[in-house]
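Spelled out, the chains give:
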Amino acid sequence: MRLSEYFLPTLKENPAEAQIVSHRLMLRAGMVRQSSAGIYTWLPLGLKVLRKVEEIVREEQDKAGCQELLMPTIQSADLWKESGRYEDYGKEMLRITDRHDRDMLYGPTNEELITEVFKGAVRSYKDLPKMLYHIQWKFRDEVRPRFGVMRGREFLMKDSYSFDLDSAGARVSYNKMFVTYLKTFQRMGLKAIPMAADTGPIGGDMSHEFLILADTGESQVFCHKNYLDLEIPEEDIDFNDHDGLQETVNKFTAEYAATDEMHDEAKGAALGSDLMTARGIEVGHIFNFGTKYSEPMKAVVTTGEGKEVAVEMGSYGIGVSRLVGGIIEASHDDNGIIWPESVAPFKVGLINLKTGDELCDSVCEDLYNRLNAAGAEALYDDRKDRAGAKFANMDLIGLPWQLVVGPRGLKDGVVELKNRASGEKQELSLDDAMSKLVG
Ligand code: ATP
Ligand code: MG
């Protein structure tokens, strides 16, 4: 993409309405614009990141055997009346009436709808287990939408649902998602810590929130400091090795970790100097709720003995749009965003220090074409602007690499390659710079 053609409305000044760094940087870098309270337009640069985050989430769900479908945003209230949640959900639910006076709603989550889809299709234990997911916009009329996309009213969520015959099977599904979450966040350069979460009347130990640490997080976190060093499971994990999955889950739940809602002072104090207290952002939540929905909604299957039982279910959410802000909270400096390569909107920012100079222009054109042809997406600053302004802009939008082409270097046949995260700069020949970038 050529910057001269790109729709990238960056801001020079810090927007007054943004209280936290990710919100500030997303507005300044031209990633999003607020449309109304807690509702955002994703501009081209922001959307590119959102899609990359979404794709990592999708790939890891697929690897775990979870199958993607797509449910609608607008749901009929009837299903929620069946499950009993229509009244309970309160003001966070956006209720809508259609032209025939039917009660509809903009889905804040999809347990009811997926249960309905499932029960129309599956009748026998032979079709179990099943895991289904979608990545769809949700609406929750939050009392205090704030911090940009971190607590929006309209937000993108990945929600998966598992269906099992019995509680042993449900635990396997739960463990698959638990391990998948560790891998998913790791791929985005995040260290997410699983924390025991409230299971309410369902009881048991199968509910965890995954939090990343950040000073601006809304939750207070108490955990053993070992969590920072635990090794995330290998990429080629075998999801059929149920004992192996359980071992990993055990390892990640062995030590104390809780948010303020669940914190037990005595347990925290028992850790002594190993206790770490910090702020955290909830990026995911997994929850096994047994037959909470399958019973009232009559999602039953026939067992091998011919009995009918309500299926065991779990749901597993990831805040896809919140993660974009979360990644920035975890990775930025005074000059702007520092994207991990896995989610970066472009891999390389190509800076022409003297647009209009014949040699600079032709070398840049050549590098730009070679980078794109090799699959290293490049954003080419081909505008006529001061060098200082171009550097500041590239630092702000945070691409992992900056490739700087100027007349002085070209005299010696070199360009400068800067790593955004370390700040390290190297003078390299064109070919060496290319091979470093596309290797
Ligand atoms: P929170 O406690 O932050 O309000 P929640 O517990 O209500 O979140 P869940 O129902 O567990 O949220 O939703 C799954 C995931 O969706 C959360 O872990 C979070 O990452 C994301 N999420 C929830 N609410 C919002 C929101 N208002 N804006 C952006 N992401 C959200
Ligand atoms: Mg939650």
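Here the structure is a predicted model, which is why all the values come from computation and not from measurement. (Residues numbered from 1 in each chain as written. Chains lettered and ligands numbered in written order. Predicted model: local features only at pLDDT ≥ 70, side-chain atom pairs only at ≥ 80, totals over all residues. Heavy atoms only, no water.)

(A) Inspection of helix α6 (residues 167-187) at higher detail. With 21 residues, α6 extends 30 Å from end C-alpha to end C-alpha; this agrees with the ideal 30 Å at 1.5 Å per step. The buried fraction of α6 is high, at 16 of 21 residues. Note on α6: the residue one or two positions beyond its end, Gly189, has a positive phi of about 80°. (Helix = DSSP H or I, 4+ residues; strand = E, 2+ residues; numbered from the N terminus. Expected span 1.5 Å × (residues − 1). Buried < 20%, exposed > 50% of the residue type's maximum accessible area, 1.4 Å probe, protein only.)

(B) Examining the sheet that holds strand β19 (residues 348-352) more closely. Here we have five strands laid out as an open sheet, ordered β20-β19-β21-β22-β23, and mixed in their pairing. In the strand order of this sheet, the two ends are held by β20 (378-381) and β23 (425-429), each with one partner. For this sheet, the mean inter-axis angle between neighbouring strands, taken without regard to orientation, is 25°. For β19 and strand β21 (residues 401-405), the ladder comprises five bridges, and the chain directions are parallel. Bridging across to β21, Val348 finds its partner in Trp401. Relative to the sheet, helix α11 (residues 387-397) contacts β19, β20, β21 and β22 (414-419), its axis offset from that of β19 by approximately 175°. (Pairing = 2+ DSSP bridges. Axes fitted to C-alpha atoms, helices over the stretch in contact; angles between N-to-C directions. Contact = heavy atoms within 4.5 Å.)

(C) Representation of the nonpolar core within the structure. Residues Met31, Val53, Phe185, Met188, Phe210, Val324 and Trp339 are the most contacted members of the largest nonpolar core, which totals 69 residues. Excluding residues within four positions of it along the chain, Val324 makes contact with Met26, Met31, Trp42, Val49, Leu50, Val53 and Trp339. The next biggest cluster of nonpolar side chains, apart from the first, holds 23 residues, and it includes Leu79, Trp80, Leu113 and Ile114. (Core = buried A, V, L, I, M, F, W, Y, C linked by side-chain atoms within 4.5 Å.)

(D) Here's a closer look at the environment of Gly290. Turning to its location among the elements, Gly290 is positioned in strand β13 (residues 275-290). We classify Gly290 as buried; its relative accessible area is 10%. C-alpha separation for the pair Gly290 and Met206, spaced 84 residues apart in sequence, amounts to 9.9 Å. Residues in contact with Gly290, not counting those within four places in the same chain, are Val311, Glu312 and Met313.

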